[in-house]
Every structure is written in C-alpha cells, then in structure tokens.
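Here are the chains, one letter per residue:
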Amino acid sequence: MSDIDAIRACIGKIQTIRVLTRTLWNDLGNTMYTESYLPRLVGLINRYKETNYWTNTYYSEIGTQMPVVSLPQRFSLSSSKIGQQYLQDIMIGCETAEKGLEVKLRPKVEPELIDRLDSIRNELKSFEEKGLDLRLIKNIYTAIEEAEQGHYLASALISSRTNAYISDQIKGNSDDEKVQYLVDNGIIHKDRKDEQKQLLSSMRLSRNFLSHRIDLFSDSGNVLVLIGGTVALSLIFLSL
C-alpha cells in the first residue's frame, strides 16, 4: 500500500470513529443503551488508540497533537460523566488527525500562495455577512480549495466563470467599457489606475480561459490574478 493509500485509509477509519463517537454521545442519556455503553466506549477507545499509534509512528508531528485516551482499570457505568470527557477527547483527536493528514495528501504548493489564499478565505467571511450570493461564495471557496490542491487549471476555470458571471452584470459591451462604467459611477476611483488595470487583466484572462483555446494552462500566478479578480468583482457586485 502506498503512503497516499495508507493516509486515505486512516482518514476513512478516523471518520468512522468520529461518527460512532457522536452516536454514543447522543445515546449517553438514553437508559436503553446503559448496558451497552461501557463495551461500546471501550471499543471506541481501542480503535482510537490504534489510529493514534499509527499517526504517531508515521506522522509524529500530527500524532503528538492528538489527546491521549486510555480507560482506567476501574470504570463503571456510574462514571458515565467521566466517559463524556473520553468521547470529547476522541472527537478532538479525530478532527486533529483528519485535518493534519489531509494536508499530507495535498501537492506541494508555494507558501506565498497558501498565505494569500488563506487571506482571501478570511475575507470571504465578510462577504457572507454583507449578503453576497451564496452561489458565488461557494464558487470562490471551491476555486481556493482547488488551488490549494495544486489543481491550477480547475481553479482558473472556476474563477473565470465566476468573474464572467459578475462581469456580465456590469454595463458595457467590452471589458474596457465596463471598467469605464465603474469609474464613471464612482464604484472605482478614477485615480486608482492600478485597480482598474488589475480588474481589466482579470476580466480578460477569465475570457481567455473560457474560450475554446485548448493551449491555455494555468499556474499559481494566473490563479492569484483570477481569484484576486473574483474578490474585487464580488465587492463591485455588492455595490451594484
């Protein structure tokens, strides 16, 4: 089994453990499950310890962040409140391991790109609060996720269709006319030549990717231009 297959298998096991842990947590106050509570808890802890051991063995930087869970020798049903703490630690450990291992599946991308994408993702939270169309937000999030995976062409295409959609809502027959319309109506300041140029570049690049040219491929630079353009156009869309 390859490293990638092993990681995926471990993530699958973690997800199952988390589901079973949540189920046991919900059943904790139900008297019907009192007798089965302890063996179920013991089983979950054993499965979690296996996962914790594997993660510590191969990816100690992740495994050391997972809570250590071990049932004491003396544990009874009267200790069920203590059992809640074990379940909580298991859920924390599963979340920690899954997030950490998912990163291992991603191809290596430039740290600068990751930092910029994280910044854009944080910026999107304010867009939701301002009422930006959730379909647009979903497209932007997807474009970011694809870029983080190193899927630059997929990210470029998703950003391009988002940019084209917003651009079509702006009056004007060409990209230049649309930008001029935004300037004339005070949406973009007339002295912000850099902002106008960046917007034009993003709009034109989007149309190139959505054309029938099969010779166009993307890189991290194009991705940042397109996603950055999507953010700028989304702000404009809110103003419109």
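Report on the accompanying structure. (Residues numbered from 1 in each chain as written. Predicted model: local features only at pLDDT ≥ 70, side-chain atom pairs only at ≥ 80, totals over all residues. Heavy atoms only, no water.)

Before going further, it helps to examine the overall build of the protein. Counting its regular elements, the protein contains 10 helices and 0 strands. When the helices and strands of the protein are read in sequence order from the N terminus, they spell out α-α-α-α-α-α-α-α-α-α. The globule rule puts the C-alpha radius of gyration for 240 residues at 18 Å, and the 25 Å found for the protein is more than 25% above it. For the protein, the C-alpha atoms occupy an extent of roughly 75 × 40 × 30 Å along the three principal directions. Expressed as a percentage of its 240 residues, the buried residues of the protein come to 38%. (Helix = DSSP H or I, 4+ residues; strand = E, 2+ residues; numbered from the N terminus. Rg over C-alpha atoms; globule rule 2.2 N^0.38 Å. Buried < 20%, exposed > 50% of the residue type's maximum accessible area, 1.4 Å probe, protein only.)

On to the nonpolar core, then. By size, the foremost hydrophobic cluster in this structure holds 29 residues, and its most contacted members are Ile144, Leu199, Ile227, Leu233 and Ile236. Among the elements of the structure, helix H5 (111–130), helix H6 (134–148), helix H7 (152–167), helix H8 (175–184), helix H9 (193–209) and helix H10 (220–239) are those that each provide at least two residues to this core. Looking at which element gives the most residues to this core, the answer is H6, with 6 residues. If we skip the residues at most four places from it in the chain, Ile227 touches Leu117, Ile120, Ala143, Ile144, Ala147, Ser155 and Ser159. (Core = buried A, V, L, I, M, F, W, Y, C linked by side-chain atoms within 4.5 Å. Contact = heavy atoms within 4.5 Å.)

In this section: the environment of Gly93. Counting through the fold element by element, Gly93 comes out in helix H4 (residues 80–105). Placed 56 residues apart in sequence, Gly93 and Gln149 show a C-alpha to C-alpha distance of 24 Å.

Here we take up the state of the cysteines. Tallying each qualifying case throughout the model produces 0 disulfides. Here Cys94 stays unpaired: no disulfide links it, and the sulfur of Cys10, its closest cysteine neighbor, is 9.2 Å away. (Disulfide = S-S within 2.5 Å.)

Taking 1.5 Å of rise per residue, the 20 residues of H10 would be expected to cover 28 Å, and the 29 Å separating its terminal C-alpha atoms lies within 8% of that figure. Taken together, the buried positions of H10 are occupied by Ser220, Val223, Leu226, Ile227, Gly228, Gly229, Thr230, Val231, Leu233, Ser234 and Ile236. Of the surrounding secondary structure, the elements contacted by the buried residues of H10 are H5, H6, H7, H8 and H9. Residue Asp219 occupies the N-cap position of H10, its side-chain oxygen lying 3.0 Å from the main-chain nitrogen of Gly221. (Expected span 1.5 Å × (residues − 1). Polar contact = N/O pair within 3.5 Å; in protein donor to acceptor, adjacent residues only side chain to side chain.)

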